[in-house]
There are 2 protein chains.
Amino acid sequence: MSPRFDLSLYLVTDPDMTAQRGVVETVAAAVAGGVTIVQLRDKTGSARALAAAGRALLAQLRPLGIPLLVNDRIDVAHAIGADGVHVGQEDLSPAAARAILGPRAIIGLSITSRADLPTLDATVDYVGLGPLFPTGTKADAAPALGETEFAALRRRILVPVVAIGGITVANTARTITAGADGIAVVSAICAAEDPRAAAATLRAAVAAARRRV
Amino acid sequence: MSPRFDLSLYLVTDPDMTAQRGVVETVAAAVAGGVTIVQLRDKTGSARALAAAGRALLAQLRPLGIPLLVNDRIDVAHAIGADGVHVGQEDLSPAAARAILGPRAIIGLSITSRADLPTLDATVDYVGLGPLFPTGTKADAAPALGETEFAALRRRILVPVVAIGGITVANTARTITAGADGIAVVSAICAAEDPRAAAATLRAAVAAARRRV
């Protein structure tokens, strides 16, 4: 069994967007605004630098009960005692992550299209489904699913689903209506002038949307 | 205890240099020529691609009893059942590798200068010491140690040492004289027109140098 986690407002960090403010400061503000789970993503830095950033985030997040997941690097997640990992289709498999991190780790998997569904197995605790809308954050992102395909795929996934890709306060309601258990954002918080306010607005939009579903 | 390994001729793969011939084909030729241990290094590709290359190499090397180590990615080494990992100063620590891979894994550590010596602990099975000579392979390589400093550092290291950085058949004898247990090469084999012949010549040079030491 995995520890409980709340996908309502899922923050994915970006090294460039947080460079000026600092990743720890950005996450601190985002969490104060209502982020419920954090994924540390940095595809460019060294493992040692990623581990250092992860340790700094854990010191901040663990007292608040907010899980920290590491993108891709299962070994870094193990080394720093993170709550889990998030793996994409180009990363190692969820089963490989489970074998290293053990039964209590939170393991998330990216699903970008119908073709990815066979990679979803019993070791996966939640799915990051998207891109739902067009996004400029990931240069190599798959085509946007759109709400109809998102909703169809979501119904075929038995674990909680967090939507990702182009999500803003303006389309959060449609995202929840399409079946998402929460929203994952990068630029909507990391690139915001006031990450705390951005997070608070997004969290409120999720709550409002849920009341309408 | 680690399984026994032979550092005499240590091949580090390079994705660009092996792109045309293929990494598996390059390693096959190199092993036929006398390579005794292989490190799979690719800092640019995905974990999944690295794992696929590693599995293909293992299928080839394991029947020959030649160990395969994975550079940096401890999680990939675990996932494919590699013989061990090689970590640099910007990677996770040897202890982090040992915690994931267990007591039988071969764990190597790069030492580039006197300042790195404190990172050498009891979990390390061998050291990659260098760059000994100037090298063009790694754009971010540390300054070359030269033979005097190499020999001084080597005497302070209690585990086997493989020399790396700018090693060719022309300076192999000096490298062994400076205290190396073996030579690690990238371009001298990966970029050779005939990797098998290059490996055979280097292996013979190591053997000849040992007879003179």
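What you see is a predicted model; the values in this text were computed from it and never measured.

**Student:** Could you give me a rundown of the packing of aromatic side chains, with the residues and numbers involved?
**Tutor:** Per the counting criterion, the structure on display carries four aromatic pairs over all chains. Three or more aromatic residues joined by ring pairs make a cluster, and in this case those are Phe-5, Tyr-10 and Tyr-126 of chain A.

**Student:** A description of the pattern of salt bridges should follow, citing residues and the corresponding values.
**Tutor:** If you walk through the whole model with that rule in mind, you get 18 salt bridges over all chains. Across the pair Glu-147 of chain A and Arg-174 of chain A runs a salt bridge whose closest N-O atoms are separated by 2.8 Å. Linking Glu-147 of chain A in helix H5 (residues 146-155) with Arg-174 of chain A in helix H6 (residues 172-177), this pair joins segments that are 27 residues apart in sequence. The class for Arg-174 of chain A is partly exposed, based on a relative accessible area of 40%. Asp-75 of chain B is the salt-bridge partner of Arg-73 of chain B, the closest N and O atoms lying 2.9 Å from each other. Judged by its relative accessible area of 0%, Asp-75 of chain B is buried. Through salt bridges with shared partners, a single ionic network connects Lys-43, Asp-72 and Asp-91 of chain A together with Arg-73 and Asp-75 of chain B.

**Student:** Account for the relation of the copies chain B and chain A, with residues named and values stated.
**Tutor:** With an RMSD of 0.0 Å, the operation that places chain B on chain A is a rotation of 180 degrees combined with a shift of 0.0 Å along the axis. Both copies of the chain, as the preceding transformation shows, are related through a two-fold rotation axis. Identified as the residue of chain B closest to the rotation axis by C-alpha distance is Asp-75 of chain B, at 2.5 Å. Mapped onto chain A, 100% of the interface residues of chain B again fall at the interface, so both copies present the same surface.

**Student:** Could you give an account of the interface of chain B and chain A, naming the residues involved and the relevant values?
**Tutor:** At the junction of the two partners, chain B supplies 20 residues and chain A supplies 20 residues. Between chain B and chain A, the buried area comes to about 1,600 Å², and carbon and sulfur atoms account for 56% of it. Together, Arg-48, Asp-75 and Leu-92 of chain B form the three largest contributors to the area buried by chain B at its contact with chain A, with a combined 37%. At the boundary of chain B with chain A, the tally comes to two salt bridges. When the shortest N-O distance is used, the salt bridge between Asp-72 of chain B and Arg-73 of chain A registers 3.0 Å. Where chain B meets chain A, there are 13 residue pairs in polar contact (both at pLDDT 80 or more). The biggest single contributor to the side of chain B that touches chain A is helix H3 (residues 74-80) of chain B, with five residues. Classifying every residue of the side of chain B that touches chain A gives nine nonpolar, five polar and six charged.

**Student:** Would you mind going over the environment of Thr-119 of chain B in detail, with residue names and values included?
**Tutor:** Residues and elements named next belong to chain B. Here Thr-119 is to be found in the loop between strand E5 (106-111) and strand E6 (126-129). Judged by its relative accessible area of 27%, Thr-119 is partly exposed. The spacing of Thr-119 and Ala-95 is 24 residues in sequence and 10.0 Å in space, taken between C-alpha atoms. Once residues lying within four places of it in the same chain are set aside, the contact partners of Thr-119 are Gln-89, Pro-94, Leu-109 and Ile-111.

**Student:** How would you explain helix H5 (residues 146-155) of chain B if you had to name every residue and give the values?
**Tutor:** Listed as buried for H5 of chain B are Phe-150, Ala-151, Ala-152, Leu-153 and Arg-154 of chain B. Buried-residue contacts for H5 of chain B involve E6, strand E7 (161-164) and helix H6 (172-177) of chain B.

**Student:** Would you mind going over the sheet that holds E6 of chain B in detail, with residue names and values included?
**Tutor:** Residues and elements named next belong to chain B. Spatial ordering of the closed barrel is given by E1-E2-E3-E4-E5-E6-E7-E8, a layout of eight strands whose pairing is parallel. On average, each strand axis in the sheet is tilted by 25 degrees relative to the strand beside it, whichever way the strands run. By the bridge criterion, four bridges tie E5 to E6 in an arrangement that is parallel. Across the sheet, Leu-109 pairs through a bridge with Val-127, a residue of E6. Against the sheet, helix H8 (residues 195-212) makes contact with strand E1 (9-12) and strand E8 (182-185), and its axis sits at roughly 155 degrees relative to E8, the strand it touches most.

Conventions used here
Residues numbered from 1 in each chain as written. Chains lettered and ligands numbered in written order. Predicted model: local features only at pLDDT ≥ 70, side-chain atom pairs only at ≥ 80, totals over all residues. Heavy atoms only, no water. Phe/Tyr/Trp six-rings, centres within 6.5 Å; stacked < 30°, edge-to-face > 60°. Salt bridge = Lys/Arg side-chain N within 4 Å of Asp/Glu carboxyl O. Helix = DSSP H or I, 4+ residues; strand = E, 2+ residues; numbered from the N terminus. Buried < 20%, exposed > 50% of the residue type's maximum accessible area, 1.4 Å probe, protein only. Least-squares fit on C-alpha atoms with pLDDT ≥ 70 in both. Contact = heavy atoms within 4.5 Å. Buried area = accessible area lost by both parts, 1.4 Å probe. Polar contact = N/O pair within 3.5 Å; in protein donor to acceptor, adjacent residues only side chain to side chain. Nonpolar A, V, L, I, M, F, W, Y, C, P; charged D, E, K, R; others polar. Pairing = 2+ DSSP bridges. Axes fitted to C-alpha atoms, helices over the stretch in contact; angles between N-to-C directions.

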